[in-house]
Protein chains: 2
Amino acid sequence: MDLGDEKIEESAGYASKLERGYSVTPWQVTGVVDYNKIVKDFGTRLITPEIIEKLQKFSGIIHPLLSRGFFFSHRDLDLVLDAYGNGENFYLYTGRGPSGHVHMGHLMPWFFTKFLQDTFGSRLLFQITDDEKFLYSQHLSLQEVEKYAYDNILDVIAMGFDPKLTRIIIDTKNIQTLYPLYLEIAKRLTFSTAKAVFGYKPSSNIGMIGFPAIQAAPCFLPSLIEKKPTRVLIPAAIDQDPYWRITRDIAEKMGYYKPAQVHSKFVPSLELNGKMSSSRPTGAIFTTDDPETIESKISGAYTGGQPSVGLQRMLGGDPDACPVFWYLSHFFDDGKDSFERSLKCRTGNLLCGECKSDLTTQTKLFMSEFTRRRDQAKNQVDSFLYEENPFD
Amino acid sequence: MDLGDEKIEESAGYASKLERGYSVTPWQVTGVVDYNKIVKDFGTRLITPEIIEKLQKFSGIIHPLLSRGFFFSHRDLDLVLDAYGNGENFYLYTGRGPSGHVHMGHLMPWFFTKFLQDTFGSRLLFQITDDEKFLYSQHLSLQEVEKYAYDNILDVIAMGFDPKLTRIIIDTKNIQTLYPLYLEIAKRLTFSTAKAVFGYKPSSNIGMIGFPAIQAAPCFLPSLIEKKPTRVLIPAAIDQDPYWRITRDIAEKMGYYKPAQVHSKFVPSLELNGKMSSSRPTGAIFTTDDPETIESKISGAYTGGQPSVGLQRMLGGDPDACPVFWYLSHFFDDGKDSFERSLKCRTGNLLCGECKSDLTTQTKLFMSEFTRRRDQAKNQVDSFLYEENPFD
């Protein structure tokens with residue numbers, strides 16, 4: 001079914017969705033998120049089996065983050081795949097706001113981005129929005145944000161993106177490149193549109209109001225690098241969609257393709273409710289956590305299990321409500337293992353302690369390897385940083 | 001008398017002054033301007049004989065643009081002069097929005113700026129706000145604005161500013177330097193303040209809203225260059241005051257001096273009413289006009305004279321309402337000549353044709369020399385452009 005998202009003005013309001021039971025903006029997710037509702041409200045499209053099949057033609061496999069429904073929504077992913085089929089490659093673009101250390105929730109869209117890069121040999125622009133985090137934070141100085149920017153870049157490099165195909169843009173360092181695009185974009189975005197989409201208040205600072213045009217700029221940078229209109233696909237959590245939506249509204253007027261997106265769900269916190277967030281550090285496993293901290297955080301995690309071993313054996317648990325199960329199934333278990341784990345849980349044949357122990361072991365293993373790569377990354381930073389003629 | 005401008009919150013509204021009979025914003029001056037009213041409404045101070053005397057101590061002379069009341073208002077000029085007396089030099093900062101060619105109205109604050117530089121040996125930052133002109137113009141492309149930027153730089157250099165003491169900042173070229181300051185400033189300016197001061201509308205683009213923080217940035221750049229809080233004095237027409245006023249509100253919180261200003265009046269058009277403006281080219285003499293064009297524009301100028309020679313001989317003219325007299329008195333005549341000219345005009349002993357002929361001759365002479373210097377300037381551009389460690 002054609003949802004007709006191209007036929008309506010794309011930049012309808014995102015900001016006042018609280019009456020619908022949830023609110024999703026680039027800075028805050030509140031309420032109980034209904035992803036089907038988001039797709040309807042945002043005017044995006046669900047990823048259909050047909051699209052997964054199209055993608056599989058090129059990748060050979062169905063990526064677990066697709067089969068598990070973590071990446072669930074898109075705009076123009078089908079167009080990007082069709083164009084690729086016709087010999088037209090595309091750029092990937094994603095990013096990170098460096099307001100703290102990177103946690104496992106941040107890594108998930110990066111895994112998928114790496115999968116796309118490996119599949120299509122696509123060039124990737126990775127934007128570090130240090131300016132955004134400075135403008136939006138009450139307490140962070142520019143120096144502190146810069147410190148996090150370099151810290152986070154180590155994580156990006158540790159992900160294993162192809163150094164020949166990947167360039168990291170740090171907004172404050174690459175503003176000379178971004179600024180002409182910023183001006184062209186900002187000139188086309190009225191305050192009333194930006195306010196409707198981002199919900200600015202009288203107390204919002206004027207830097208916040210201009211910022212969306214900085215985040216939109218890398219959508220069009222590939223066309224300048226390649227000296228021809230170039231498609232861009234953005235893998236990111238759906239809370240970033242407002243940025244791309246206003247960008248899509250002006251792209252064609254500027255002579256560019258509308259940027260395509262593939263949207264992920266949010267990554268759950270290890271604690272009851274909410275998404276994994278730096279603002280709730282006990283519910284998040286950071287790439288900088290030592291093994292003891294990992295063990296302690298998982299040990300204290302909320303689960304879908306019963307209050308006692310007896311009840312668990314009798315009634316079984318609920319893996320669908322369990323962040324421990326979620327991490328195991330999205331990060332570590334393969335499809336078959338995951339199905340068996342859920343079955344054993346539901347029938348009372350698996351205790352929460354066992355799942356926590358599995359997750360702890362796997363996470364410590366993963367993080368031990370990731371830390372090694374992160375240390376190596378310190379020598380690779382320069383080769384990843386964006387500079388003029390970035391891929392020459 | 002202490003007008004108490006430091007005691008009130010400085011950023012009261014500028015935008016809705018039309019009910020007072022005039023409106024002065026950085027983009028438009030409408031209505032009949034009453035300069036005493038502006039001083040009261042903006043909360044600036046009139047330049048007093050005491051201040052002129054203080055300045056004369058250092059310069060030896062009273063500059064004609066002061067004695068004729070063209071520079072009439074200030075903020076903290078006295079503080080800057082006192083500090084200089086105590087061995088503390090200051091930076092000068094002024095600028096130009098490159099939306100067209102430079103005309104004689106633009107040159108006047110530059111003359112005064114050069115006088116201040118010559119007197120105090122001050123370093124001068126000259127900002128070319130090409131980003132502003134792009135964001136505010138319906139029809140100008142970035143390329144066109146850039147063309148005007150380089151064209152206007154030739155005029156700046158032709159003014160004779162000291163190449164050792166003068167650096168030209170082009171916003172789009174020097175954004176790497178300006179951006180960290182932009183962020184620090186923008187974070188401290190709320191939308192409600194900016195809206196009250198600049199009168200933004202829902203249709204304003206989001207680049208316009210952020211721009212004041214770009215124009216404010218060079219107020220603090222000298223402190224970064226000198227690695228200590230450094231005073232800045234801004235000679236500019238009073239319509240630019242809103243920018244400095246919001247900057248003054250946040251300067252001390254950021255650890256800098258409040259930027260000081262010396263404000264000029266507007267330069268009249270050669271036509272009836274209004275200020276000399278690029279949007280009314282027949283009323284403005286551009287530095288790129290050829291001698292025939294100059295002659296034709298002055299010949300068609302409005303004057304304070306009578307409709308016929310007979311009436312002029314009988315009733316005399318009104319030099320106070322005459323743009324031809326204004327240009328002669330502000331640009332070319334010395335005080336005594338000017339007084340005699342006004343007397344002869346008022347008593348019917350001087351015809352408009354004679355004044356027009358004098359102005360034409362003088363303007364052609366001036367422009368001939370200016371054009372020569374402007375041509376030479378083409379070889380000096382690089383040495384004037386701002387770069388890292390600009391005065392090393």
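Residues numbered from 1 in each chain as written. Chains lettered and ligands numbered in written order. Predicted model: local features only at pLDDT ≥ 70, side-chain atom pairs only at ≥ 80, totals over all residues.

Draft legend 1. View of the nonpolar core. Counting 207 residues, the largest nonpolar core has Tyr-182 and Ala-217 of chain A together with Tyr-182 and Ala-217 of chain B as the members making the most contacts within it. Ala-217 of chain A has contacts with Leu-178, Leu-181, Tyr-182 and Ile-185 of chain A, leaving out every residue within four places of it along the chain. (Core = buried A, V, L, I, M, F, W, Y, C linked by C-beta atoms within 7 Å. Buried ≥ 20, exposed ≤ 12 C-beta atoms within 10 Å, placed from the backbone. Contact = placed C-beta atoms within 7 Å.)

Draft legend 2. Region of the structure containing the domain arrangement of chain A. Residue and element names in this part refer to chain A. Per the domain assignment, the segments of chain A are domain 1 (17-267) and domain 2 (281-377). The C-alpha-based centres of domain 1 and domain 2 are spaced at 29 Å. Tallying the contact residues gives 14 residues for domain 1 and 12 residues for domain 2. Those elements that place two or more of their residues in the side of domain 1 that touches domain 2 are helix H3 (64-67), helix H5 (104-120) and helix H7 (142-158). For the side of domain 1 that touches domain 2, the element with the highest residue contribution is H7, accounting for four residues. When its residues are assigned to classes, the side of domain 1 that touches domain 2 shows eight nonpolar, four polar and two charged. (Domains from an automatic or database assignment. Helix = DSSP H or I, 4+ residues; strand = E, 2+ residues; numbered from the N terminus. Nonpolar A, V, L, I, M, F, W, Y, C, P; charged D, E, K, R; others polar.)

Draft legend 3. The arrangement of the relation of the copies chain B and chain A in detail. For the match of chain B to chain A, the screw axis carries a shift of 0.0 Å, the RMSD comes to 0.0 Å, and the turn is 180°. The transformation just described matches what one would write down for a two-fold rotation axis. When you check the interface residues of chain B against chain A, 100% turn up at the interface there too, and the contact is symmetric in its surfaces. (Least-squares fit on C-alpha atoms with pLDDT ≥ 70 in both.)

Draft legend 4. Structural detail: the pairing of strand E5 (residues 91-96) of chain A. All names here are of chain A. Burial within E5 is extensive, with six of its six residues counted as buried. As paired elements, E5 and strand E6 (residues 124-128) share five bridges and run parallel to each other. Bridged to Leu-92 within E6 is Leu-124. A crossover connection joins E5 to the parallel E6 through H5; in handedness this β-α-β unit is right-handed. (Pairing = 2+ DSSP bridges. Right-handed = clockwise from strand over helix to strand, strands pointing away.)

Draft legend 5. Structural context of the environment of Ser-137 of chain B. With respect to the secondary-structure elements, Ser-137 of chain B resides in the loop between helix H6 (130-136) and helix H7 (142-158). Separated by 38 residues in sequence, Ser-137 of chain B and Ser-99 of chain B have C-alpha atoms that sit 8.2 Å apart.

Draft legend 6. Structural detail: the packing of helix H10 (residues 206-216) of chain B against helix H12 (residues 241-251) of chain B. Residues and elements named next belong to chain B. Direction vectors running N to C along H10 and H12 enclose 80°, while the axes themselves pass 9 Å from each other. It follows from the interaxial angle that H10 and H12 lie roughly perpendicular. Seen from H10, the contacting residues are Pro-212, Gln-215 and Ala-216; seen from H12, they are Tyr-243, Ile-246 and Thr-247. Class assignment of the residues belonging to the contact of H10 with H12 gives a composition of four nonpolar, two polar and no charged. (Axes fitted to C-alpha atoms, helices over the stretch in contact; angles between N-to-C directions. Parallel < 35°, antiparallel > 145°, perpendicular 65-115°, else oblique.)

Draft legend 7. Structural context of the packing of helix H9 (residues 191-198) of chain A against helix H12 (residues 241-251) of chain A. Residues and elements named next belong to chain A. Viewed as axis vectors pointing N to C, H9 and H12 meet at an angle of 150°, and their least axial separation amounts to 10 Å. Between H9 and H12, the angle is such that the two are roughly antiparallel. Here H9 and H12 pass one another in a crossing that is right-handed. On H12, the residues that touch Thr-193, Val-197 and Phe-198 of H9 are Pro-242, Arg-245 and Ile-246. Partitioning the contact of H9 with H12 into residue classes produces four nonpolar, one polar and one charged. (Left-handed = near helix turned anticlockwise from the far one by under 90°.)

Draft legend 8. Layout of unusual backbone geometry. The phi torsion at Asp-76 of chain A lies on the positive side, around 65°, for a residue other than glycine. Positioned with a positive phi, Asn-389 of chain B is a non-glycine residue whose angle comes to about 50°.

Draft legend 9. Spatial organisation of the environment of Ile-47 of chain B. All names here are of chain B. Mapped onto the elements, Ile-47 comes out in the loop between strand E3 (45-46) and helix H2 (49-59). Expressed as a C-alpha distance, the spacing of Ile-47 and Val-262, which sit 215 residues apart in the sequence, is 8.5 Å. The contacts of Ile-47, once residues within four sequence positions are left out, are Ile-52, Leu-66, Phe-71, Phe-72, Ser-73 and His-74.

Draft legend 10. Region of the structure containing the interface of chain B and chain A. On the chain A side, the residues contacting the 28 residues of chain B number 29 residues. Breaking the side of chain B that touches chain A down by element, the ones donating at least two residues are H6, helix H8 (175-186), helix H9 (191-198) and H10 of chain B. Looking at the side of chain B that touches chain A, the element that brings in the most residues is H8 of chain B, giving six residues.

Draft legend 11. Quick peek at the pairing of strand E9 (residues 260-264) of chain B. Residue and element names in this part refer to chain B. Of all five residues in E9, five are buried; the element is thus mostly enclosed. Taking every second residue as pointing to the same face, both faces of E9 are buried, with Ala-260, Val-262 and Ser-264 on one and Gln-261 and His-263 on the other. Summarising the sheet, strand E8 (residues 231-237) and E9 pair through five bridges and their orientation is parallel. Residue Leu-233 lies in a different strand from E9, and its bridge partner there is Ala-260. Read as a crossover between parallel neighbours, the route from E8 over H12 to E9 is right-handed.

Draft legend 12. Representation of the sheet that holds strand E9 (residues 260-264) of chain A in the model. Residues and elements named next belong to chain A. Strands sit in the order E3-E4-E9-E8-E5-E6-E7 across an open sheet of seven strands; the sheet is mixed. Looking at which strands have only one partner, the edges of the open sheet turn out to be strand E3 (45-46) and strand E7 (166-170). On top of the sheet, H7 reaches E5, E6 and E7; it is set at about 150° to E6, its chief contact.

Draft legend 13. Region of the structure containing the sheet that holds strand E6 (residues 124-128) of chain B. All names here are of chain B. The strand order across the open sheet formed by seven strands is E3-E4-E9-E8-E5-E6-E7, and the pairing between neighbours is mixed. Whereas interior strands pair on both sides, the edge strands pair on one side only; in this sheet they are E3 and strand E7 (166-170). Relative to E9, strand E4 (residues 71-75) is paired through four bridges, and the arrangement is antiparallel. Bridging across to E9, Arg-75 finds its partner in Gln-261.

Draft legend 14. Up close: the environment of Gln-215 of chain B. Residues and elements named next belong to chain B. By secondary structure assignment, the location of Gln-215 is in helix H10. Put simply, Gln-215 and Thr-94 are 121 residues apart on the chain and 10.0 Å apart in space, counted from C-alpha to C-alpha. Apart from residues no more than four positions distant in its own chain, Gln-215 is found in contact with Thr-129, Glu-132 and Tyr-243.

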